[in-house]
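Breakdown of the fold
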Amino acid sequence: MQGRKYYSVRMRAAKDGSHEQGGNHISGGELLSTFSDINYAVNSLLKKGLTHSRGRPDFMQIQFECINEPIKLVHPLKIETNEVESAEKGQALARKLLQQLGIPRKSIEKAYKLITENSGMRGAILFDIHLGERIDDRNEKGVRVSRMDWLDADFEKWADHFEVPRSPKVKEALVLAGKASNHPATIAELCWSDDPDYITGYVASKKLGYQRITKLKEFGDERGCRIFFVDCLEALDSYIHYLEKQPVFIQWEE
Ligand code: WAQ
Ligand code: MG
C-alpha cells in the first residue's frame, strides 16, 4: 500500500437539478484507487449513484485527482451492536451514549433541534460541544469527509472476525467514523442514513468505539443525520482540512 500512488475518486448525484441549483441530494461516495483501478472505482460509484433507494438522479459528477500527501493508516474502531426494539429506544440510547462522552445535555438537545431543521444535506454538521452551536459555515451542504478507504480483503476479514455484515454500508460508515474519530477534536459522531430502506445508525467515538444501534428511525423515512460533536474552537480550519483532505486508509491487519 505504501509507496504506491493513489487517487481520490468522488461522486455526487442529485435529482431535480444539481446540488448548486437546489436539487435533492441522492447519493455521494468517495474512495481511494490506484491508477489501474480507476475504471473499476468510477464504475462502482456510478452504479451506487444510479441505483439508489432515494431515487433516480438527473445530475451526477464523478471526479478523480492524484493524492500527493502521504496516506495515514488508522485502525478500525472497536464495534458493538446494540439491538433496540424501536426508534424511540434507539434514540434514547444514542442520547445516553453522547452524555456518557461528556457532551452537556443542553448541547445534545440543541443538536437534535438542528438535525430536524437540516435534513437533506450531503455533508455533516460540525457542532461545538461547549458553545452548543453549529460552527461550520457550509449551510445546507455541510462538510463532506473525503479521501479515505479500506481495502476490501482486510475489511472482509475484519467483518467475519467480528461477525458483522460484509456490507458496503457498514464499510463506508466505519471508514468515515474511523477517520473522523482519529482526530483529537472529534468527541463523538451521531449518524443515521438518509436512505429510506436503512434504519441502523450509530454513535462513534475514540472512547466508546463504533456503537451500532439497530433502529434509529422508521422505514420509509428519508431524513438522515450526520453530526460531529467537536471540541476545537480555534483550530476549526485545520479540523475541516483534516476531514476533507487528509488521506486515510483504515487497516486492521498489518
Ligand atoms: N461526509 C460527511 N457527511 C456525509 C458523508 C461524508 N462522506 N456521507 C454521508 N454524509 C451525511 C449526509 O448528510 C447524508 O445525508 C448522511 O450523512 C447519511 O449518509 O449498519 O448509510 O450514506 O453499521 O445515507 C450507518 C450504519 C449508515 C451502518 C449510514 O449514511 C451500519 C449511512 P448515508
Ligand atoms: Mg444515503
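Treat the numbers as computed from the prediction; the structure is a model and nothing was measured.

Conventions and cut-offs
- Residues numbered from 1 in each chain as written.
- Chains lettered and ligands numbered in written order.
- Predicted model: local features only at pLDDT ≥ 70, side-chain atom pairs only at ≥ 80, totals over all residues.
- Heavy atoms only, no water.
- Salt bridge = Lys/Arg side-chain N within 4 Å of Asp/Glu carboxyl O.
- Helix = DSSP H or I, 4+ residues; strand = E, 2+ residues; numbered from the N terminus.
- Buried < 20%, exposed > 50% of the residue type's maximum accessible area, 1.4 Å probe, protein only.
- Pairing = 2+ DSSP bridges.
- Arc of directions from axis to C-beta.
- Contact = heavy atoms within 4.5 Å.
- Domains from an automatic or database assignment.
- Buried area = accessible area lost by both parts, 1.4 Å probe.
- Polar contact = N/O pair within 3.5 Å; in protein donor to acceptor, adjacent residues only side chain to side chain.

Further remarks concern the pattern of salt bridges. In total, this model carries 23 salt bridges according to the counting rule given. D195 is the salt-bridge partner of K169, the closest N and O atoms lying 2.7 Å from each other. Pair noted here: K169 is in helix α5 (residues 168–181) and D195 is in the loop between β9 (186–192) and β10 (201–205), with a separation of 26 residues, a long-range link. With relative accessibility at 31%, the residue K169 sits in the partly exposed group. We classify D195 as buried; its relative accessible area is 6%. For E218, the salt bridge goes to K215, with nearest N and O atoms at 3.2 Å. What makes K215 buried here is its relative accessible area of 18%.

Another point: the pairing of strand β6 (residues 125–128). Where burial is concerned, the two faces of β6 agree: the one with I125 and F127 and the one with L126 and D128 are both buried. The pairing of β6 with strand β12 (residues 225–230) spans four bridges and is parallel. Paired with D128 across the two strands is V230, which belongs to β12. Here two bridges tie β6 to strand β7 (residues 133–134), and the two strands are oriented antiparallel to one another. Bridge pairing links D128 to E133 in β7. Between β6 and β7, which follow one another and run antiparallel, lie four residues, and G132 among them has a positive phi close to 65°.

What follows concerns helix α4 (residues 152–162). Among the residues of α4, D154, F155, W158 and A159 are the ones counted as buried. What you see down the axis of α4 is that its buried residues fit within an arc of 135°, all on one side. In α4, the exposed positions that point more than 90 degrees away from the buried face belong to A153 and H161. Summarising the contacts, the buried residues of α4 are in contact with β5 (79–82), β8 (148–150), α5 and β13 (248–250). Directly beyond the C-terminal end of α4, a positive phi value near 55° is found at E163.

The subject of this paragraph is the domain arrangement of the protein. Looking at the assigned domains, one finds that the protein contains domain 1 (6–68) and domain 2 (74–250). Computed over C-alpha atoms only, the centres of domain 1 and domain 2 are separated by 21 Å. Counting residues at the interface gives 17 residues for domain 1 and 18 residues for domain 2. For the pair domain 1 and domain 2, the two sides together bury roughly 1,600 Å², of which 48% comes from carbon and sulfur. It is E30, L32 and R54 that lose the most area in domain 1 upon contact with domain 2, and together they represent 40% of the buried surface on that side. The interface formed by domain 1 and domain 2 includes five salt bridges. Of the charged contacts, one joins E172 and K48 as a salt bridge, the two residues approaching to 3.1 Å between their closest N and O atoms. On the surface where domain 1 and domain 2 come into contact, there are seven residue pairs in polar contact (both at pLDDT 80 or more). Those elements that provide at least two residues to the side of domain 1 that touches domain 2 are β1 (7–15) and β2 (24–33). The element best represented in the side of domain 1 that touches domain 2 is β2, accounting for six residues.

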